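# Fold and contact review
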Amino acid sequence: MIFKIIVFGVVAYLVYAFFFKKNREKNVKDNNGEYLEDTMVECPSCGTYISKDEAVLSNGKYFCSQKCLTHK
Ligand SMILES: [Zn+2]
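Residues numbered from 1 in each chain as written. Predicted model: local features only at pLDDT ≥ 70, side-chain atom pairs only at ≥ 80, totals over all residues. Heavy atoms only, no water.

### Points about the coordination of the zinc ion
Perfect tetrahedral coordination of a metal by four donors corresponds to 109.5 degrees between them, and perfect octahedral coordination by six donors corresponds to 90 or 180 degrees. Here is the rule: Only nitrogen, oxygen and sulfur atoms count as donors, using a 2.8 Å cut-off from the metal that widens to 3.2 Å for Na, K and Ca. Water is left out, so coordination shells may look unfilled. Site shape is set this way: if four donors have all angles between 85 and 135 degrees, tetrahedral; if opposite donors are over 155 degrees apart and all others between 65 and 115, square planar for four donors and octahedral for six; otherwise irregular. Think of it this way: any DSSP run of H or I at least four residues long counts as a helix, any run of E at least two long counts as a strand, and we number them from the N terminus.
At the metal site, the zinc ion is ligated by Cys43 (SG), Cys46 (SG), Cys64 (SG) and Cys68 (SG), and these contacts range over 2.3 Å. The site at the zinc ion holds four donor atoms, and with the angles between them running 100 to 115 degrees, its shape is tetrahedral. One chain supplies every donor for the zinc ion, spaced along it as C-x2-C-x17-C-x3-C. Of the two residues, Cys46 is situated in the loop between β1 (40-42) and β2 (49-51) and Cys68 in helix α2 (residues 66-70); the sequence distance between them amounts to 22 residues.

In structure tokens:
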């Protein structure tokens, strides 16, 4: 009887650890994706916040468009 309880406990722990690990990996992956998408920078010319993907990089500063880059 005790043996059955121990086996059940071990199996339950392994199942729990398996799903917990999977969830953690998924969360880390989601957070990284979100972090990359949500990296917002302020345009030094007009103050608009844009994502780094759309920004124009010049002299280490991110501008929202070529227009702001040339009219600073
Ligand atoms: Zn701008």
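The discussion continues.
### Some words on the environment of Cys46
Short version of the rule: Only protein chains enter the area calculation, which uses a 1.4 Å probe; residues under 20% of their type maximum are buried, those over 50% are exposed, and those in between are partly exposed. Only heavy atoms matter for contacts: two residues are in contact if any of them lie within 4.5 Å across the pair.
Looking at Cys46, the relative accessible area reads 41%, which means it is partly exposed. Separated by 22 residues in sequence, Cys46 and Cys68 place their C-alpha atoms 7.1 Å apart. Apart from residues lying up to four places away in sequence, Cys46 is in contact with Cys64 and Cys68.

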